[in-house]
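These are the residues of each chain, in order.
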Amino acid sequence: MARPGGESLAPRRCAHGRYVPPDVLLGIVDVIGVRESSFVTTMFSTIIAGLFSFVPIVIAINSLTMTRLFGTPEGLRERLDDVRSFRADVEELADTPVSPTDPSAFLTLVLETVRDRSQTLLDDVSTAPEETRHAVGDFVRDLDEDIEEVEAEVAAHGSTLFAILLPMMNHDYSTYVNRVRHIRAEHADDLSTGAEETLATLQELLVAVDVARQYFKSVYLQQELAALSRWLAYSGIASFLASTFIVMLYASGYPPIVNATPLLVLVAAGLAVSFLPFSILFAYILRVATVVQRTSAPGTFTPQRERPPHER
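Cut-offs used in this document
- Residues numbered from 1 in each chain as written.
- Predicted model: local features only at pLDDT ≥ 70, side-chain atom pairs only at ≥ 80, totals over all residues.
- Heavy atoms only, no water.
- Salt bridge = Lys/Arg side-chain N within 4 Å of Asp/Glu carboxyl O.
- Buried < 20%, exposed > 50% of the residue type's maximum accessible area, 1.4 Å probe, protein only.
- Helix = DSSP H or I, 4+ residues; strand = E, 2+ residues; numbered from the N terminus.
- Expected span 1.5 Å × (residues − 1).
- Contact = heavy atoms within 4.5 Å.
- Patch = residues over 30% accessible without salt bridge, like charges linked within 9 Å, V, L, I, M, F, W, Y side chains within 5 Å.
- Areas by Shrake-Rupley, 256 points an atom, 1.4 Å probe, with all protein chains shown as cover.
- pLDDT = per-residue confidence, 0-100.
- Phe/Tyr/Trp six-rings, centres within 6.5 Å; stacked < 30°, edge-to-face > 60°.

1. Brief notes about the pattern of salt bridges
Moving on, step 1. Across all of its chains, the model carries eight salt bridges by this definition.
Moving on, step 2. In this structure, the salt-bridge partner of Arg117 is Asp116, at a minimum N-O distance of 2.8 Å.
Moving on, step 3. Owing to a relative accessible area of 42%, Asp116 belongs among the partly exposed residues under this scheme.
Moving on, step 4. Ionic pairing is found between Arg141 and Asp138, a salt bridge with its closest N-O pair at 2.9 Å. With Arg141 and Asp138 both in helix H6 (residues 130–157) and three residues apart, the pair spans about one turn of that helix.
Moving on, step 5. Its relative accessible area of 43% is what places Arg141 among the partly exposed residues.

2. Thoughts on helix H8 (residues 173–186)
Moving on, step 1. Taking 1.5 Å as the rise per residue, H8 with 14 residues should run 20 Å; its terminal C-alpha atoms sit 20 Å apart, in good agreement.
Moving on, step 2. Among the residues of H8, Tyr173, Ser174, Tyr176, Val177, Val180 and Ile183 are the ones counted as buried.
Moving on, step 3. Buried residues in H8 make contact with H6, helix H7 (161–168) and helix H9 (193–249).

3. Describing a nonpolar patch on the surface
Moving on, step 1. A surface patch of nonpolar side chains, about 610 Å² in accessible area, is lined by Phe52, Val55, Ile59, Ile237, Phe240 and Leu241.
Moving on, step 2. Of all the secondary structure elements, the ones that give two or more residues to the nonpolar patch are helix H3 (54–67) and H9.
Moving on, step 3. Among the elements that take part in the nonpolar patch, H9 stands out by supplying three residues, more than any other.
Moving on, step 4. Its place among the elements puts Phe52 in the loop between helix H2 (37–51) and H3.
Moving on, step 5. For Phe52, a relative accessible area of 53% puts it in the exposed group.

4. A short note on the confidence of the model for the protein chain
Moving on, step 1. Averaged over the protein chain, the pLDDT score is 78; the fraction of residues at 70 or greater is 79%.
Moving on, step 2. Predicted confidence in the protein chain is weakest over helix H1 (residues 24–32), with a mean pLDDT of 48, and strongest over helix H5 (residues 103–124), with 90.
Moving on, step 3. In the model, residues 1–27 has pLDDT below 50 throughout and makes 34 contacts with residues more than four positions away in sequence or in other chains.

5. Observations concerning the packing of aromatic side chains
Moving on, step 1. Evaluation of the coordinates by the stated rule reveals seven aromatic pairs.
Moving on, step 2. Centre to centre, the rings of Phe139 and Tyr176 are 6.1 Å apart; their planes meet at 65°, and the pair counts as edge-to-face. In this pair, Phe139 is assigned in helix H6 and Tyr176 in helix H8, connecting sequence segments 37 residues apart.
Moving on, step 3. Judged by relative accessible area, Phe139 falls into the buried class, the value being 0%.
Moving on, step 4. What makes Tyr176 buried here is its relative accessible area of 6%.

The structure is reproduced here in structure tokens:
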């Protein structure tokens, strides 16, 4: 096969007299027909036209992220008061004057308080009937295992919001709340006043963990959508410039290049840059959709798809 100008694109003979296979990029380009100027210009022109569809996407994403930033002073104050009230409730349950503002440290405080109260519960039911002690023991053992797993994953993956949400998505806290309610209902006559109070505290703490997960999720999604719109803008400009350059390069037909290898590399790089916005959009949407699906229903109702695979 020959290119314009008479240079053959067949495998060349190396210095040792043996034939070597064509370059990988050369093989790929042969398949998609990059030597046809009309095909290349049409392909990149289509990419340029598709890039304009990202403009309303970026505008819509920015609208979603900015919705929570605007409001009346009274509305903003109510939102801050809700967060402050939640922190105050957790501080009262954890018996601490001030809770940390870092999400990772705040979650650690809540989980350590849950573990401490669960051990207190074991002491409170030490003199209860065997059936009650068995039910409480199973509950505390399962709860402690899940807490240790969450703390280990958070410590291993850092303190980012995604690192916090990732292990929390794999646990169904509403199930533990219902187990507390079952213990309080079925063993009410066998529970002491101290055990009843500890169970009530545990129930509130488990609800607080679920509330914290939902709040962290909303903050994380807002940050991710803002980052997505920014990266779409950056990559969209780069894709538009790269596609325009390739189209202009082929505007008068096959470029007057003696060696085809640089052109093959240039077209391949142009394709990679051109598809960058689509790749970024796919990666962000896939991650955001997964987080939303696995944490979509707070409270006592947990759809089957939201539960981790080992609990379905």
